[in-house]
Amino acid sequence: MIKMAKNKAQSNFGLERERFSNFVVDLRRLEQAAAPKIKAEEKKISRRIFEQWGKVERSFQQVKPNLLAASQAARSSRIIFRRPKLDFSRWKKIISSAFTILAAELRARSSKPSIQKNAWRSFIRSQERILGAPPKLKIASPRETASLERTERLETTETTAAWYRSLFTFALVLILIILPFKILSYFQLIDFKGWEAKIMGNSESALNNLMAAADSVGQKDFKGADSRFQAAGANFLAASGELDKINDSILILASLSSNEQLKMAAESKKFLTAGVIAASLGRNLVLATDSLFNGDKNDFSATLDHFLNYGHQAAKDAQDLKATVSRINPNNLPSAYRAKFISLNDQAALLADSLVNFVGLGDKLKEVLGVSRDKRYLVVFQNNSELRASGGFLGSYALVDLRDGKINNLEVPGGGSYDTEAGLDVRVAAPKPLWLVNTLWHFWDANWWPDWPTTAQHLMWFYEHSNGPSVDGVISVTPTVVERLLEVTGPIDLTKEYGLTITSDNFWQTVQLISERENLLKTNPTAVLNVPATSSPVAVSLPLKQGLENNSSNKPKKIIGDLLAKILEILPSKLDKDNLLKIITIFEENMSEKQILLYFTDPALEAEVESHNWAGEIQDAPKDYLLVVNTNIAGQKTDRLIKEKIEETSVVSPSGAIINTLIITRTHNGVKHEALTGVRNVDWLRVYVPAGSELLSAEGFLSPDAKYLQDRPDSTMENDPLLAAENSAAEDPSSGTKIYTEKGKTVFANWSMVDPGESVTITLQYRLPFNFFTAPADDSWLKRLNNWLNPDSQKLWPYSLLVQKQPGAAASDFQGRLVLPTGASVFWHYPENMDTTDGWEINDQLNADKYWSILVQKNK
């Protein structure tokens, strides 16, 4: 009897599984018939189905203890279960509700009455088969009691297992119903035309706004960036209603499709995340700028802290945006959007880097401005109309004391740098070219080297030995900086002191004539006929000291201090949202052009300056290198009207030897006899090239008359050790060109002179110290591994050129040409816009340091 009951139970379960399988097949057929008519209600229906299924799972956990209790009751009453008779009324109601939702869904999706009717009937039959069958019980006879007791454990176990199998079979059936239904509705019957119009349209607008916002932040236009970030966020949120209708698991499967719209859908959630981050980024940028502009004007430290707090949050948002955008696969985007996305990806990376750097500089700014401790700086004004190696003739300087971001003391001697002469306590011989004007070295001529850290250290040394205090750093500024700042401050009213107003247009001419008035009265009095002079103190709120109490009538540089104080007084009031971008741009441009140079005695601050290439140092170069340095000695202010063109041609022989031909053309656009600029430009020209370069020829140099170079230092003067190599330089016998080594470079130096309205051309030819096709030995494990993995890889030869700009100089025209031997061609190049036919062709402006690089291959 037990065996028969067991076989019958197994037979019933087998029939039940077969009915379930038939039910699944029927459902799939019904879904396929209904598919063409399904509309966009997937999310709402799917959510309800899975909510019901969640209830089924929770109820099943409640069934398990009841099942065990029922088994125990069966042992005591000798009842054999064909199907357990438990109190499943609530559980059956939940499952029935799930079937009802499915039935209503398919019924609603079918327009034909016959389909609706068949669908309904099929669901009713299936529901009855699964849930409607009554329990079947059998009371055991006395003779069966012994057998039941002997097989009680096996019976209970098999019955329990059979019920679990039945329940899990039902769960599998329900999953097989839901999953094909969701995939069918999402992947076959989405209204792609409507979806594309809504989501794709909003996504394209969002992409455009994100790119525009990133560009605005790159330009420090935070006001514009905020509006564009908010617009991008709005675009993404507008698309989110459509995006949320697509389940995440479906989006993963969509990425495997070849359909462009489905691939776009696969990236939709990431776009939405990017939109949320973008909105947060825009808001934090606005909060940062608001805290800067609307903070307590009397508490600079607190204002800066608030700005940096929001700035760091914005920088984190920018990094999160960069990471999110980088996770989007461009291959999953329609081809029409890929170019825009790649641009967005690049701009997101640039945006993150720019903000991190900008906020990082803000942290360092606290230290520079004396927030943590008082700071004292030597500010030198280098007149680039009279070029010197590090920027220009040092006619004026200022001593600035800072505490908590405020100027506590501002000293600008009215006599300029010449006021330091009286306190000089050392006698050092000047560099030989300066003997043309003076054999004794002074503070105002100490800016001899183009390497700014070297020059700054010498300026500090001379200043301290001229009765000046020690300082925490040296800052160099040229007239170019002042001209640009006047565009922000607007006209400076000096009517009371000088009877005139200074603007960016008349600044150089007016200030130069006033400061040179006494000299011009002797050489060109008509030029300063109406130029005013004053000894009256300027009315400013800053603690300005000019030493007017001593010899007030001989203060030619007083105008410099007056103007500096006025600018520093007005500039903070101009620091608003409209001018922020302009001010930051001015400082960035002047830093890259080396019109502003910074040197700090604090190693951490100096390292930060070096990392941004603001230190004005001579840099190392892996291959070719060039720096042209002009030093005006007794040529007045003529460099303002000199136009320079630099041409370098590098020819590579088949053996790999490289011969450079350098042509420097200097054109004097001045007019003879004009005040300050209408005279001969006298220039000590230095050309810095790779160390070990061999001079082959030099032409076009012209030296001043020997009678002007007869003075020699007296025996009481010391020699500066840093000038030893220059003083003992070798000399090219044919041209008189000096050849020596400085800062890891070979230097070719000689005189050049050009009169107003004329041009001069200097030509140098030299052999570089390395072979093009000889690379440094690389025996690193990485190189060995690469050779082992890629034994047939093509050999490539790197080559590059670093051209550095002279500090303070106007941008020179630069033309570079590299001629490769026959059989060699360019495999890769930087930057991308280079003309690399048979080598390279470069046409550029040296408004900053410039770098070009290629990889060369030999054609087979």
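Residues numbered from 1 in each chain as written. Predicted model: local features only at pLDDT ≥ 70, side-chain atom pairs only at ≥ 80, totals over all residues. Heavy atoms only, no water.

### Some thoughts on the overall build of the chain
Each helix and strand in the chain was counted, giving 23 helices and 24 strands. Counting all 860 residues of the chain, 49% fall into the buried class. In the chain, 75% of the contacts between residues at least 6 apart in sequence involve partners at least 24 apart. With an accessible surface of roughly 40,600 Å², the chain has 52% of that area assigned to carbon and sulfur atoms. (Helix = DSSP H or I, 4+ residues; strand = E, 2+ residues; numbered from the N terminus. Buried < 20%, exposed > 50% of the residue type's maximum accessible area, 1.4 Å probe, protein only. Contact = heavy atoms within 4.5 Å. Areas by Shrake-Rupley, 256 points an atom, 1.4 Å probe, with all protein chains shown as cover.)

### Remarks on the environment of Asn284
Relative to the helices and strands, Asn284 resides in helix α11 (residues 268–294). Using a relative accessible area of 8% as the deciding quantity, one classes Asn284 as buried. Along the primary structure Asn284 and Phe307 are separated by 23 residues, whereas in three dimensions their C-alpha atoms are 9.7 Å apart. Residues contacting Asn284, with those up to four places away along its chain left out, are Tyr310, Gln313, Ala314 and Asp317. Here Asp317 takes part through its side chain, which lies 2.7 Å from a polar atom of the side chain of Asn284. (Polar contact = N/O pair within 3.5 Å; in protein donor to acceptor, adjacent residues only side chain to side chain.)

### Observations regarding helix α21 (residues 603–611)
Of all the residues in α21, the buried ones are Leu605, Glu606 and Val609. Looking down the long axis of α21, one finds its buried residues gathered within 100° of arc, a one-sided arrangement. Summarising the geometry of α21, the exposed residues directed more than 90 degrees from the buried face are Pro603 and Ser611. Positive backbone phi, at 60°, marks Asn613, one or two positions downstream of α21. (Arc of directions from axis to C-beta.)

### A short note on the packing of aromatic side chains
One pass over the full model with this rule turns up 17 aromatic pairs. Aromatic pair Trp684 and Trp751: ring centres 5.1 Å apart, planes at 65°, arrangement edge-to-face. Note that Trp684 is positioned in strand β14 (residues 681–690) and Trp751 in strand β18 (residues 745–754), a separation of 67 residues in sequence. In this pair, the class of Trp684 matches that of Trp751, namely buried. Here the aromatic cluster, defined as three or more aromatic residues joined through ring pairs, consists of Phe770, Phe772, Phe773, Trp797, Tyr799 and Trp840. Sitting over the face of the ring of Phe773, Lys858 holds its NZ or CZ atom 4.2 Å from the ring centroid. (Phe/Tyr/Trp six-rings, centres within 6.5 Å; stacked < 30°, edge-to-face > 60°. Lys NZ or Arg CZ within 6 Å of the ring centre and 35° of its normal.)

### Thoughts on the sheet that holds strand β3 (residues 375–383)
Read from one edge to the other, the open sheet built from six strands follows the order β9-β5-β4-β3-β6-β10, with strand pairing classed as mixed. Edge positions in the open sheet fall to β9 (544–545) and β10 (596–600), since each of these has one partner strand only. (Pairing = 2+ DSSP bridges.)

### Some remarks on unusual backbone geometry
Cis geometry marks the peptide bond from Tyr830 to Pro831; its omega dihedral reads 0°. Within the element layout of this structure, Pro831 appears in the loop between β22 (824–830) and β23 (839–846). Look at Asn467: it is not a glycine, yet its phi comes out positive at around 70°. Looking at the element boundaries, Asn467 is found in the loop between α14 (452–464) and β6 (473–477).

### Remarks on empty space enclosed by the protein
Within the structure shown, the criterion is met by five cavities of 30 Å³ or more. In this model, the largest cavity occupies a volume close to 90 Å³. Taken together, 13 residues form the lining of the largest cavity, with Val628, Glu644, Ile646, Gln806 and Ser812 sitting closest to its centre. (1 Å grid on protein atoms, 1.4 Å probe; cavity = no way out; pocket = protein on both sides within 12 Å on 5 of 7 lines; lining within 4 Å. Points joined across faces, edges and corners; volume = space filled by probe spheres on them.)

### Describing the sheet that holds strand β12 (residues 642–652)
Here we have six strands laid out as an open sheet, ordered β15-β19-β13-β12-β21-β23, and mixed in their pairing. Each end of this open sheet is capped by a strand with a single partner; those strands are β15 (694–699) and β23. Here the strands of the sheet are splayed against their neighbours by 10° on average, with no regard to which way each runs. Examined bridge by bridge, β12 and strand β13 (residues 658–668) share eleven bridges and lie antiparallel to one another. (Axes fitted to C-alpha atoms, helices over the stretch in contact; angles between N-to-C directions.)

### Concerning the confidence of the model for the chain
Note that predicted coordinates carrying low pLDDT should not be read in detail. Within the chain, residue pLDDT values average 77, and 64% of them lie at 70 or more. This model gives residues 1–6 a pLDDT under 50, and the stretch forms nine contacts once residues within four places in sequence are excluded. Below pLDDT 50 for its whole length, residues 245–257 participates in 29 contacts with residues either more than four positions away or in separate chains. (pLDDT = per-residue confidence, 0-100.)

### Re the nonpolar core
Within the largest apolar cluster, 51 residues are counted, with the highest numbers of intra-cluster contacts made by Ala398, Leu410, Leu494, Ile502, Phe507 and Leu563. Examining the composition of this core, we find that six residues originate from one element, helix α19 (residues 558–570), more than from any other. Each residue touching Phe507, except ones within four places of it in the same chain, is listed here: Pro479, Val482, Glu483, Leu486, Ile502, Gln512 and Leu563. Of all hydrophobic cores here, the second largest spans 47 residues; its members include Ala429, Trp441, Leu597 and Ala749. (Core = buried A, V, L, I, M, F, W, Y, C linked by side-chain atoms within 4.5 Å.)

### Quick notes on the pairing of strand β20 (residues 797–804)
Judged by how many residues are buried, β20 sits mostly within the fold: seven of eight residues are covered. The pairing of strand β11 (residues 624–632) with β20 spans four bridges and is parallel. Following the sheet pairing, Tyr625 is matched in β20 by Leu802. Strand direction decides the pairing type here: β20 and strand β24 (residues 850–858), joined by seven bridges, are antiparallel. Bridge pairing in β24 places Ser800 opposite Ser853.

### Remarks on helix α15 (residues 479–489)
Since there are 3.6 residues in each turn of an α-helix, residues three or four apart along the chain are aligned in direction. Here α15 lies mainly inside the structure; ten of its eleven residues are buried. Among all positions of α15, only Pro479, Thr480, Val481, Val482, Glu483, Arg484, Leu485, Leu486, Val488 and Thr489 are buried. Gly490 sits one or two residues past α15 and shows a positive phi near 85°.

### So, the packing of α15 against α19
A packed helix pair is summarised by two numbers, namely the angle formed by the two axes and the spacing between the axes. Where α15 contacts α19, the two axes come as close as 10 Å, and the packing angle between them is 45°. In terms of orientation, α15 lies oblique with respect to α19. Here the hand of the crossing between α15 and α19 comes out left-handed. Contacts from Val482, Leu485, Leu486 and Thr489 of α15 reach α19 at Leu563, Ile567 and Ile570. Of the residues that constitute the contact of α15 with α19, the class distribution is six nonpolar, one polar and no charged. (Parallel < 35°, antiparallel > 145°, perpendicular 65-115°, else oblique. Left-handed = near helix turned anticlockwise from the far one by under 90°. Nonpolar A, V, L, I, M, F, W, Y, C, P; charged D, E, K, R; others polar.)

### Focus: the pattern of salt bridges
Where charged atoms from two side chains of opposite charge approach closely, those side chains can pair. For the structure on display, the rule yields 27 salt bridges. Lys558 is the partner of Asp562 in a salt bridge, and the nearest nitrogen-oxygen pair spans 2.5 Å. Residue Asp562 and its partner Lys558 are both found in helix α19; the two are separated by four residues, about one turn of the helix. Exposure class is identical for Asp562 and Lys558. Each is buried. Taken together, the shared-partner salt bridges connect Glu386, Glu516, Lys557 and Lys637 into one network. (Salt bridge = Lys/Arg side-chain N within 4 Å of Asp/Glu carboxyl O.)

### Description of a nonpolar patch on the surface
Together, Phe827, Trp828, Tyr830 and Tyr851 make up an exposed nonpolar region whose accessible area comes to about 440 Å². The element contributing the most residues to the nonpolar patch is β22, with three residues. With respect to the helices and strands, Tyr830 occurs in strand β22. When its relative accessible area of 44% is taken as the criterion, Tyr830 is described as partly exposed. (Patch = residues over 30% accessible without salt bridge, like charges linked within 9 Å, V, L, I, M, F, W, Y side chains within 5 Å.)

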